[in-house]
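# Secondary and tertiary structure notes
Each chain, written out:
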Amino acid sequence: MNATTNPIDLRLEDVTKIYPGAIALSEVSLSIRGGEVVGLIGENGAGKSTLMNVLGGTIAPDAGAIVADGQSHAALTPAQAIELGIAFVHQELNPFTNLDVTGNVLLGREIRTGLFGRIDRTAMEQRVQPILTRLGARFSPRDPVLGLSLADQQLLEIAKALAVDARLVILDEPTSSLTLSETQRLLEVVTDLRREGVAVLFITHRLNEIEQVADRVVVLRDGKNAGDLGRAEIGRDRMVQMMVGRDVKRLYQRKAHEAGAPVLQITDLRTQTYPESPVTLALHGGEILGLAGLVGAGRTEIARALFGIDPVLGGTVHVRDRLLPQNSVAAAIAAGISLVPEDRKAQGLFLEFSISDNISMPSLARMSSRGRINRKAELALAESSRNRLSIKAASLRGPAAELSGGNQQKVVLAKWLAMEPAIIIFDEPTRGIDVGAKAEVYGLMQALADRGVAIVMISSDMEEVIGVSDRVAVMSKGRITGILNQEQLTEEAILRLAVE
Amino acid sequence: MLRKDLGLATLVVTVGFVVALINPRFLSPVNLANTANLIGLFGLFSIAEAFVIVTAGIELSVGSVIALLGVLFIDMIANGVPWPVAALIVLALGAVIGLLHGWLITRLRLQPFVVTLCGLLIYRGTARFYTADGTAGFKFGSSFPTLEWLVTGRTWGVPHSAVAFLFVAVLAWFVLHRTVFGRHLFAVGKNEEAARYSGINTRRVIVSAYVICAVLTAVSAIFFAMYTRSVQPSSHGNFYELYGIAAAVLGGFSLRGGEGSIVGVCLGVILLQELQNLVNLLGIPSSLNFAVMGSVILFGVIADTQFDRYRTAKRHAATRASLGKPR
């Protein structure tokens, strides 16, 4: 189906999707036509991903309709979505590393030849090459995917979408791991697509990109439409205000912390991912140190190495002048380090286990005598955590899976607070949680810092980094490219260091 | 007791009731004692299997270990080794096998299925080679009164295998459901990554599970060897691992790990023996034995998943109602 001759006309009408414990989408409407670039913005947890999955046919809405080319559907199937010419560029990169570039781009649409349907490699490569050229990719159709950088993998995803002659391309934070020049290149491709009559739905946190390319902006907040902006109205402040629904400054109520004695000293730490880049960093009690950088800059690797998850290649870590044994989570915990991991569902929680079981998991040893668990103490801990962090749960014996993202994050936090840590590493602490919960998490971090706990916050959310941190260390390609103090903290300064 | 266990207990009682109605001999002391003996024998290694399954692993060499250690035990005693020494050696060998499996799985990162499948073949082959494919047995007329009383004897009509099973079951229940180690077993089985992030030494937990499994299997091997009094290594203990897995699955253990209860696996063992008994007592051709067992397990698992889906749907409906349905 060709976009130029037959532009798409797609409308979502009052789409509602309810999950246990949360309404993901509540009567959301959105329309898009061929030749139009629509920016879809909203905070983490505003419902953007759910909306995207409704369009892709992987989530069936509970109410509402999807009207495509004049035909109304209660839900799309993935096959229908493909037939309509809807293509996705996902934020998460899942290339098939056992195939080469061509194999990935044309996966499922291999060109066959001859009697036995042999795969025609030459024809496939000839089809892929122009797409790569158009994207300005620095790799060729025959390159193995295994060696591609994150940015190149992102381009590969985009190439996949272009290869299907889509009528609607949905880009989900496509630039989060791209450098500035790569981003510019991508925005040009978006403009090209518009000229060809393709509709583009552009999801991003980087509002300046929206300002550059979008014809119209749809804002989501807490699963609801928070308003639309026409081309003339698109402006940074306006968008932020609509996304957050209140003044941003009130969200980040920063207090200056007195940096206390140094608690953590990292010296020449080398991780498996970046063995050539030793990292040296000091952390003081009572401060919040932001760790900024692009995705894949090596921030999570530092956290994992500190916490003993990944083997360390070299360097030392001292906690309060005592050498931390390497590669032992138990030793890290004993030294007073806690990690609130990046992937809450896979690393932070046992989703099917009860809230109470989750909270007590690391402190079981202290709540038992001769191996036998004191179930009263366990429940008392859960109860006091619920009060302290105001966890909204019907029952502490209910599974953690049924909590909203924000409350799940509080459970992860509760399990570590029970250990009374001296150092807490937060890895993307507010990813996928709503604005209200965000404010609570920030409040908790501030309160902990006030009590002298040293906090490291890894975050890709610029506003968060600037709004919460006392100091910010910026990483790029495994190195710390700079440390910014309060006065130097601007988005531009961070970005410049992040792409260094 | 979990709701799942309650359902299974109901099934056990119902099947028993129906069989007793059709053939009252089901409730005769002789039949009950014999069934209890079999439940005890099969229960020991089923609990062993459960410890591995809860960590999302599997142990396929149970039957072969029972054959190999059984052969060794009988041969040692027949050749004059005092039986307590022989028993200790067998238990120690069990521990070594468990350590080996655990080491291969956690250090060399091999899949449990592969490791224990190779174990199944290796131990069976070794047992057959050891006896030159003959039968290991005692010399005519030899007897070991203390050992025989301990393992195959009865107290007030209750077979000691059943007593041992009950003892092990209570201990296993305590370990799995009341101790920190038990909680760690569930945690590692449900989400190994989150377990590591919680500071649990996942490797040690997994190795321990395989050691517990193999040692319990060794205990079971001694009971089986004394029950049959002669071990034919090509057939002794064949398919027992599958029997143990079936009992665990019936008892609510998920092969994905992190789920199950000791009460459940015990009820699973009882139900399987009850079915075997049913086939015998109701005059169903014994060739249909496996077919009956398979059908009941399949039925049980289907009922269980359907019931789960129903409960999840109900919970979702409840949250939906509490959140207030938009318009």
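Analysis parameters
- Residues numbered from 1 in each chain as written.
- Chains lettered and ligands numbered in written order.
- Predicted model: local features only at pLDDT ≥ 70, side-chain atom pairs only at ≥ 80, totals over all residues.
- Heavy atoms only, no water.
- Pairing = 2+ DSSP bridges.
- Helix = DSSP H or I, 4+ residues; strand = E, 2+ residues; numbered from the N terminus.
- Axes fitted to C-alpha atoms, helices over the stretch in contact; angles between N-to-C directions.
- Contact = heavy atoms within 4.5 Å.
- Core = buried A, V, L, I, M, F, W, Y, C linked by side-chain atoms within 4.5 Å.
- Buried < 20%, exposed > 50% of the residue type's maximum accessible area, 1.4 Å probe, protein only.
- Phe/Tyr/Trp six-rings, centres within 6.5 Å; stacked < 30°, edge-to-face > 60°.
- Salt bridge = Lys/Arg side-chain N within 4 Å of Asp/Glu carboxyl O.
- Buried area = accessible area lost by both parts, 1.4 Å probe.
- Polar contact = N/O pair within 3.5 Å; in protein donor to acceptor, adjacent residues only side chain to side chain.

Residues and elements named next belong to chain A. Taken together, six strands build an open sheet; the order of strands is 6-9-10-3-11-12 and the sheet is mixed. Among the strands making up the open sheet, the edge pair consists of strand 6 (86–89) and strand 12 (224–230). Sheet twist, expressed as the average angle between the axes of neighbouring strands with direction ignored, equals 20°. Note: strand 3 (residues 37–42) against strand 10 (residues 199–203), four bridges, orientation parallel. When the sheet's bridge partners are listed, Val 37 is paired in strand 10 with Val 200. Where helix 6 (residues 180–195) meets the sheet, its contacts fall on strand 3, strand 9 (168–172) and strand 10, and the angle it forms with strand 10 comes to roughly 150°.

All names here are of chain A. The strand order 18-21-22-15-23-24 describes an open sheet built from six strands, whose pairing is mixed. At either end of the open sheet lies a strand with only one pairing partner, and these are strand 18 (337–340) and strand 24 (479–485). Averaged over neighbouring strand pairs, the angle between their axes works out to 20° when direction is ignored. Here four bridges tie strand 15 (residues 288–293) to strand 22 (residues 454–458), and the two strands are oriented parallel to one another. The residue of strand 22 that forms the bridge with Leu 291 is Ile 458. The strands touched by helix 15 (residues 405–417) within the sheet are strand 18 and strand 21 (423–427), with strand 18 carrying the most contacts at an inclination of about 170°. Strand contacts of helix 18 (residues 491–498): strand 15, strand 23 (471–476) and strand 24, with the helix running at about 30° to strand 23, the strand carrying the most contacts.

What follows is about the nonpolar core. With 102 residues, the main nonpolar core has Ile47(B), Phe73(B) and Leu272(B) as its most contacted residues. Once you skip the residues sitting within four places of it in the chain, Phe73(B) turns out to touch Trp83(B), Ala86(B), Ala87(B), Val90(B), Leu147(B), Ile222(B), Ala225(B) and Met226(B). Listed in part, the 70 residues of the second largest apolar core include Ala305(A), Ala332(A), Leu349(A) and Val441(A).

The subject of this paragraph is the pairing of strand 22 of chain A. All names here are of chain A. Strand 22 sits mainly inside the fold: five of its five residues count as buried. Side chains Ala 454, Val 456 and Ile 458 project from strand 22 onto one buried face, and the interleaved Ile 455 and Met 457 project onto a second face that is buried too. Two strands pair when backbone bridges link them, and strand 21 and strand 22 are joined in this way by five bridges, in the parallel orientation. Note that in strand 22 the partner of Asp 427 across the bridge is Ile 458.

Before going further, it helps to spend a moment on the packing of aromatic side chains. When we look at a pair of aromatic rings, we describe it by the centre distance and by the angle of the planes. Residue and element names in this part refer to chain B. Scanning the model with the defined rule gives twelve aromatic pairs over all chains in all. Seen from their ring centres, Phe 42 and Tyr 240 are 5.0 Å apart, and the 55° between their planes marks the pair as tilted. Within this pair, whereas Phe 42 is found in helix 2 (residues 29–53), its partner Tyr 240 is found in helix 11 (residues 240–250), the two being separated by 198 residues in sequence. Both residues of the pair, Phe 42 and Tyr 240, count as buried.

The next thing to look at is the pattern of salt bridges. Here the structure, examined in full by the defined rule, presents 23 salt bridges over all chains. Lys160(A) serves as the salt-bridge partner of Glu157(A), at 3.6 Å between the closest nitrogen and oxygen. Here Lys160(A) and Glu157(A) lie together in helix 5 (residues 150–162), a separation of three residues that amounts to about one turn. When its relative accessible area of 7% is taken as the criterion, Glu157(A) is described as buried. In this structure, Glu148(B) engages Arg229(B) in a salt bridge whose closest nitrogen and oxygen atoms are separated by 2.5 Å.

On to the interface of chain B and chain A. Contacts between the two partners involve 27 residues from chain B and, on the opposite side, 41 residues from chain A. When chain B packs against chain A, the two sides together hide about 2900 Å² of surface, and 58% of this comes from carbon and sulfur. On the chain B side of the contact with chain A, Arg178(B), Arg183(B) and Tyr197(B) bury the most area, a combined 28% of that side's loss. At the boundary of chain B and chain A, one finds two salt bridges. When the shortest N-O distance is used, the salt bridge between Arg183(B) and Glu378(A) registers 2.5 Å. The tally of links from chain B across to chain A stands at eleven residue pairs in polar contact (both at pLDDT 80 or more). Taken together, the elements giving at least two residues each to the side of chain B that touches chain A come down to helix 7 (160–178), helix 8 (180–190), helix 9 (192–197) and helix 13 (289–323) of chain B.

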